[in-house]
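Structural overview for review
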Amino acid sequence: MYDPTQLRTFLAVAQTLSFTQAARRLGLRQSTVSQHVRRLEDATGRQLFSRDTHSVELTEDGEAMLGFARRLLAVHEQATAFFTGPRLRGRLRFGASEDFVLTRLPEILEAFRYDHPEVDLELTVELSGTLHEQLAAGKLDLVLAKRRPEDPRGEPVWTDRLVWIGAERLRLDPDRPVPLIVYPSPGITRALALEALEREGRAWRIACTSGSLNGLVAAARAGLGVMAHSRRLVPPGLVRVPERAGLPELGEVDFVLVHGRRPAAASNAADALAAAILSGGDRLHGRARGV
């Protein structure tokens, strides 16, 4: 009943909330993306997106279709992998940024390991900036991380707005420097936060530095300061800092998949993992079970 090509297009639009970005990701014309979505809506008899000239949002039926599309494509890809071509094998060095520590990325990796048991998957969790450096040095084969706005590299998984977060009871004194909780250099979120404050001429001080997301979250929960973070990935126990605090806008950040230079065996495995992440990208917005 549902065409896998149309389901992949639907997922790309749902993850990017942009027909233009979905077309770029899939290598299609924007008119083709619109046609795929329209045909899927005809097949379901439901409107999946609410869209106008300025924005694209999932409808309630579109939210429901996310789960169905992900499972249907997963089964389709498992069947295809089983009946065609050689089994994937070899070593795959995958790097994921700290942003995904508390998400459901482990579920995607678990499914990948189940589908490709002969692939030796090595996971590195680091700062986005560090992962890009390791990829360039040939130490990783595939990276899932943030990128700076001016960086053209990588295949977009989704775009999110950065927001200021902290403990609900935290109150900022407008006459004192902003207490910051940040990753060390070369953290991308750190750089964007400092640049935003410098543009506004707002004084700041480093209240906590940690290379671990759990360390930053602990400091924020203790009320030591504020941190810049993805809007969709706000950790439990923290809230957005209200606008009355007067903190500057942080803008948007892209989460991307970037491939490295690698042998054919690693290349095939990296392509398969990238496809699994792209098809299940909406799960990265949710917290891991038990969090």
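Here the structure is a predicted model, which is why all the values come from computation and not from measurement. (Residues numbered from 1 in each chain as written. Predicted model: local features only at pLDDT ≥ 70, side-chain atom pairs only at ≥ 80, totals over all residues. Heavy atoms only, no water.)

Glancing now at the pattern of salt bridges. With the rule as written, the count across this model stands at 10 salt bridges. With a closest N to O distance of 2.9 Å, Arg91 and Glu122 form a salt bridge. Separated by 31 residues along the polypeptide, Arg91 in strand E3 (residues 90-97) and Glu122 in strand E4 (residues 119-126) bring together distant segments of the chain. Overall, the relative accessible area of 48% leaves Arg91 in the partly exposed class. Here Glu122 falls in the partly exposed class, since its relative accessible area comes to 35%. Two residues, Asp141 and Arg93, come together in a salt bridge whose shortest N-O distance is 2.9 Å. Linking Asp141 in the loop between helix H6 (128-136) and strand E5 (142-147) with Arg93 in strand E3, this pair joins segments that are 48 residues apart in sequence. (Salt bridge = Lys/Arg side-chain N within 4 Å of Asp/Glu carboxyl O. Helix = DSSP H or I, 4+ residues; strand = E, 2+ residues; numbered from the N terminus. Buried < 20%, exposed > 50% of the residue type's maximum accessible area, 1.4 Å probe, protein only.)

Applying the stated criterion across every chain yields a total of 5 aromatic pairs. A ring pair is formed by Phe10 and Phe49, whose centres lie 5.4 Å apart and whose planes are at 50°; its orientation type is tilted. Residue Phe10 is located in helix H1 (residues 4-16), and its partner Phe49 is located in strand E1 (residues 49-51); the two are separated by 39 residues in the primary sequence. Relative accessible area serves as the criterion here: at 0%, Phe49 is assigned to the buried category. On the numbers, 6.0 Å between centres and 80° between planes, the contact of Phe100 with Trp158 is edge-to-face. Separated by 58 residues along the polypeptide, Phe100 in the loop between E3 and helix H5 (105-115) and Trp158 in strand E6 (residues 155-166) bring together distant segments of the chain. (Phe/Tyr/Trp six-rings, centres within 6.5 Å; stacked < 30°, edge-to-face > 60°.)

Attention now goes to the side chain of Arg190. Mapped onto the secondary structure, Arg190 falls in helix H7 (residues 188-200). Nearest to the buried, unbridged Arg190 among oppositely charged side chains is Glu195, at 9.9 Å. Of note is the side chain of Arg190, whose polar atom sits 3.0 Å from the backbone oxygen of Tyr183. (Lys, Arg positive; Asp, Glu negative; His and termini not counted. Polar contact = N/O pair within 3.5 Å; in protein donor to acceptor, adjacent residues only side chain to side chain.)

Attention shifts here to the pairing of E5. Here E5 lies mainly inside the structure; 6 of its 6 residues are buried. With 3 bridges connecting them, E3 and E5 associate as parallel partners. Bridge assignment links Phe94 to a residue of E5, and that residue is Leu142. Where E5 meets strand E11 (residues 252-259), 6 bridges bridge the pair, whose relative direction is antiparallel. Paired with Leu142 across the two strands is His259, which belongs to E11. (Pairing = 2+ DSSP bridges.)

For the rest of this paragraph, the subject is a nonpolar patch on the surface. A surface patch of nonpolar side chains, about 210 Å² in accessible area, is lined by Val101, Leu123 and Val125. Judged by relative accessible area, which is 46%, Leu123 ranks as partly exposed. (Patch = residues over 30% accessible without salt bridge, like charges linked within 9 Å, V, L, I, M, F, W, Y side chains within 5 Å. Areas by Shrake-Rupley, 256 points an atom, 1.4 Å probe, with all protein chains shown as cover.)

This part covers unusual backbone geometry. Cis geometry marks the peptide bond from Ser185 to Pro186; its omega dihedral reads 5°. With respect to the helices, strands and loops of the structure, Pro186 is situated in the loop between strand E7 (178-182) and H7.

On to the nonpolar core, then. Counting 42 residues, the largest nonpolar core has Phe94 and Trp164 as its most contacted members. Contributions of two or more residues to this core are made by E3, H5, E5, E6, E7, H7, E11 and helix H9 (264-279). Ignoring sequence-local partners within four residues, the contact set of Trp164 consists of Leu180, Ala193, Leu197, Val226, Met227, Ala228, Val239, Arg240, Val241, Leu247, Pro248 and Leu250. Among the nonpolar cores identified, the runner-up in size contains 20 residues, and Leu7, Leu11, Ala69 and Leu73 belong to it. (Core = buried A, V, L, I, M, F, W, Y, C linked by side-chain atoms within 4.5 Å. Contact = heavy atoms within 4.5 Å.)

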